[in-house]
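Residues per chain, in single letters:
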Amino acid sequence: MTFLFYNFLFCLFHFSGHSPAIVYHGVVGGNVTFYCPVAQKSPLQFLYFQKVVAGDPIFCNGYHSSKPLPTPLPNTEMDQNYTMMHISGLNLSDSGDYYCYYMHKDAASGDPVKIHMYLNVTGRQVFNINVCLTVAYFIGIPSECNVTCHSHNGLPGKQMKWNVTGNINREMLKILSNDESPPREELVSISSTANFNCSVDEVKVSCSVDRFTSETVSVCAVIVATVICSLLAFGLFLFCWLKNRTTGTDKGISHEILKV
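Bear in mind that the values here come from a model prediction, so they are computed numbers and not experimental data. (Residues numbered from 1 in each chain as written. Predicted model: local features only at pLDDT ≥ 70, side-chain atom pairs only at ≥ 80, totals over all residues. Heavy atoms only, no water.)

A.B. asks: If you had to explain the pairing of strand β7 (residues 96–104) to someone new, which residues and values would you point to?
C.D. replies: The element β7 is largely enclosed, with a buried count of eight among its nine residues. Inspection of the sheet shows strand β3 (residues 44–53) paired to β7 by seven bridges, in the antiparallel sense. Note on β7: the bridge partner recorded for Phe49 is Cys100. For β7 and strand β8 (residues 113–122), the ladder comprises seven bridges, and the chain directions are antiparallel. Within β8, the residue paired with Gly96 across the bridge is Leu119. (Buried < 20%, exposed > 50% of the residue type's maximum accessible area, 1.4 Å probe, protein only. Helix = DSSP H or I, 4+ residues; strand = E, 2+ residues; numbered from the N terminus. Pairing = 2+ DSSP bridges.)

Here's what the structure looks like:
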């Protein structure tokens, strides 16, 4: 009977005017807290949250000063002041429209206040960037480099975007591949490989999916540094080798003179 009473309230006030929804963002496996902006500090008669699923209201959690309420959802919890609801262990299915209903004990009318909220749950993107720390050439500087960005635990159908700073044009960046792994538990891994022309200048690169962005790495500077270090190491080796050879030759000549 109690649940039917709140369903009646939902139907009564669901279409009584529209106001912009308060938007919340969450990630899969994370937490979110809904705040119902109570208008005054007088004691509450009730306050509860509902979610709309396929047009039907689903009771989430709440408080009533004199009546029992339906069993709350297991991953929800109300705060001590009964104005906030915490949802833990978010899933993609938690996305959608939520409503907060509340009424004060001294309310002049019998109509509860309704607050519209919307929760957008996305995948928790985890990025790995593989930069070409390839063969250290002893002569010349390599002119290009392939960089691969991997993103895990994302939503299907999303595109990976390359973000580049510095002096670069279309000829310096070519997208070689974009791959998406088969979804597992509604989440996917996305991979993209880009080719950078490093003959001009250092390039700083990051990749992003949705509103998540990876760390920024220096691509061509790594190559140049690798080549310079390799040349210095090779020069030092050559210097030591020539020095040892010259010293050995001098000792041989002195030995022959003493024998005469």
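A.B. asks: Residue-level account of unusual backbone geometry, with values.
C.D. replies: The phi dihedral of Ala54 is positive, around 55°, even though this residue is not glycine. Looking at the secondary structure, you find Ala54 in the loop between β3 and β4 (56–64). A residue is classified by how much of its surface remains accessible, and Ala54, at 79% relative accessible area, is exposed. For Tyr82, which is not glycine, the phi torsion reads 60° and is therefore positive. Inspection of the secondary structure assignment puts Tyr82 in the loop between β5 (76–78) and β6 (84–87).

A.B. asks: Report on the state of the cysteines, specifying residues and quantitative values.
C.D. replies: Following the criterion strictly, the structure yields two disulfides and no others. Between the sulfur of Cys149 and that of Cys207 lies a disulfide, 1.8 Å long from S to S. Note that Cys149 is positioned in strand β10 (residues 144–154) and Cys207 in strand β14 (residues 204–209), a separation of 58 residues in sequence. There is no split in this pair, since Cys149 and Cys207 are both buried. (Disulfide = S-S within 2.5 Å.)

A.B. asks: Go over the pairing of strand β9 (residues 126–130) with me, naming the residues and quoting the values.
C.D. replies: Burial along β9 is one-sided: the face carrying Phe127 and Ile129 is buried and the face carrying Val126, Asn128 and Asn130 is not. Judged from the five bridges that link them, β9 and β10 form a sheet pairing that is antiparallel. Looking at β10, one finds that Asn130 is bridged to Thr148.

A.B. asks: Explain the nonpolar core residue by residue, including any values.
C.D. replies: Counting residues in hydrophobic clusters, the biggest one holds 23 residues, and the most contacted among them are Phe34, Leu47, Phe49 and Met117. If you list the elements that add at least two residues to this core, you get β2 (32–35), β3, β6, β7 and β8. For this core, the element with the highest residue contribution is β8, accounting for four residues. Residues Ile129, Val147, Cys149 and Cys198 belong to the second largest nonpolar core, which totals 21 residues. (Core = buried A, V, L, I, M, F, W, Y, C linked by side-chain atoms within 4.5 Å.)

A.B. asks: Could you give me a rundown of the sheet that holds β5, with the residues and numbers involved?
C.D. replies: Across the sheet, three strands lie side by side as β2-β6-β5; this open sheet has antiparallel pairing. The open sheet has two edge strands, β2 and β5, and neither has a second partner. Adjacent strand axes in the sheet meet at a mean angle of 20° when their direction is disregarded. In the sheet, β2 pairs with β6 via four bridges, with the strands oriented antiparallel. What sits directly across from Val32, in β6, is Ile87. (Axes fitted to C-alpha atoms, helices over the stretch in contact; angles between N-to-C directions.)

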